[in-house]
Amino acid sequence: MEIQQPKPDPNAPYQKMYTTLFKAVTAALRMMEDGEFMNARTLLVRAQQATEKLYIEGNE
């Protein structure tokens, strides 16, 4: 699977997007260490959705 590299959008809230994903990845790693793989997956999916929403709303 190839990951697309979109062109940077100067209106996107990159700091909020980064913070959202970074915190989720950190929490998910801790969950995985405790064997909570499905909870970690759910957290990552929700963070992805929240980040997508931030990106879309930042471009309106």
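Read on for a plain summary of the structure. Values in this document were obtained by computation on a predicted structure and should not be read as measured data. (Residues numbered from 1 in each chain as written. Predicted model: local features only at pLDDT ≥ 70, side-chain atom pairs only at ≥ 80, totals over all residues. Heavy atoms only, no water.)

**Focus: the environment of Met38**
Looking at the secondary structure, you find Met38 in helix H2 (residues 37-58). A C-alpha to C-alpha distance of 19 Å links Met38 and Thr20, two positions 18 residues apart in sequence. (Helix = DSSP H or I, 4+ residues; strand = E, 2+ residues; numbered from the N terminus.)

**Observations concerning the packing of helix H1 (residues 14-33) against H2**
Orientation of H1 relative to H2, taken along the N-to-C sense of each, is 175°, at an axis distance of 9 Å. Relative to H2, H1 is oriented roughly antiparallel. For the pair H1 and H2, the contacting residues are Tyr14, Lys16, Met17, Thr20, Leu21, Ala24, Val25, Ala27, Ala28, Met31 and Met32 in the first and Phe37, Asn39, Ala40, Leu43, Leu44, Ala47, Gln48, Ala50, Thr51, Leu54 and Tyr55 in the second. (Axes fitted to C-alpha atoms, helices over the stretch in contact; angles between N-to-C directions. Parallel < 35°, antiparallel > 145°, perpendicular 65-115°, else oblique. Contact = heavy atoms within 4.5 Å.)

**Focus on the packing of aromatic side chains**
The final tally for this structure, using the stated rule, is one aromatic pair. A ring pair is formed by Tyr18 and Phe22, whose centres lie 5.7 Å apart and whose planes are at 20°; its orientation type is stacked. On the criterion of helical spacing, the pair formed by Tyr18 and Phe22 is a turn pair, its members being four residues apart in helix H1. The exposure class of Tyr18 is exposed, given its relative accessible area of 55%. (Phe/Tyr/Trp six-rings, centres within 6.5 Å; stacked < 30°, edge-to-face > 60°. Buried < 20%, exposed > 50% of the residue type's maximum accessible area, 1.4 Å probe, protein only.)

**Let's talk about the environment of Gln48**
By the element assignment, Gln48 lies in helix H2. Residue classification places Gln48 among the partly exposed residues on the basis of a relative accessible area of 43%. The spatial distance from the C-alpha of Gln48 to the C-alpha of Thr20 is 8.5 Å, given a sequence separation of 28 residues.

**Describing the pattern of salt bridges**
Scanning all chains against the criterion turns up one salt bridge. Across the pair Lys53 and Glu57 runs a salt bridge whose closest N-O atoms are separated by 3.9 Å. Of the two residues, Lys53 and Glu57 both sit in helix H2, four residues apart, roughly one turn of that helix. (Salt bridge = Lys/Arg side-chain N within 4 Å of Asp/Glu carboxyl O.)

**Describing the environment of Gly58**
By the element assignment, Gly58 lies in helix H2. For Gly58 and Tyr18, which are 40 residues apart along the polypeptide, the C-alpha to C-alpha distance reads 14 Å. Non-local contacts of Gly58, meaning those with residues more than four positions away in its chain, are made with Asn11 and Pro13.

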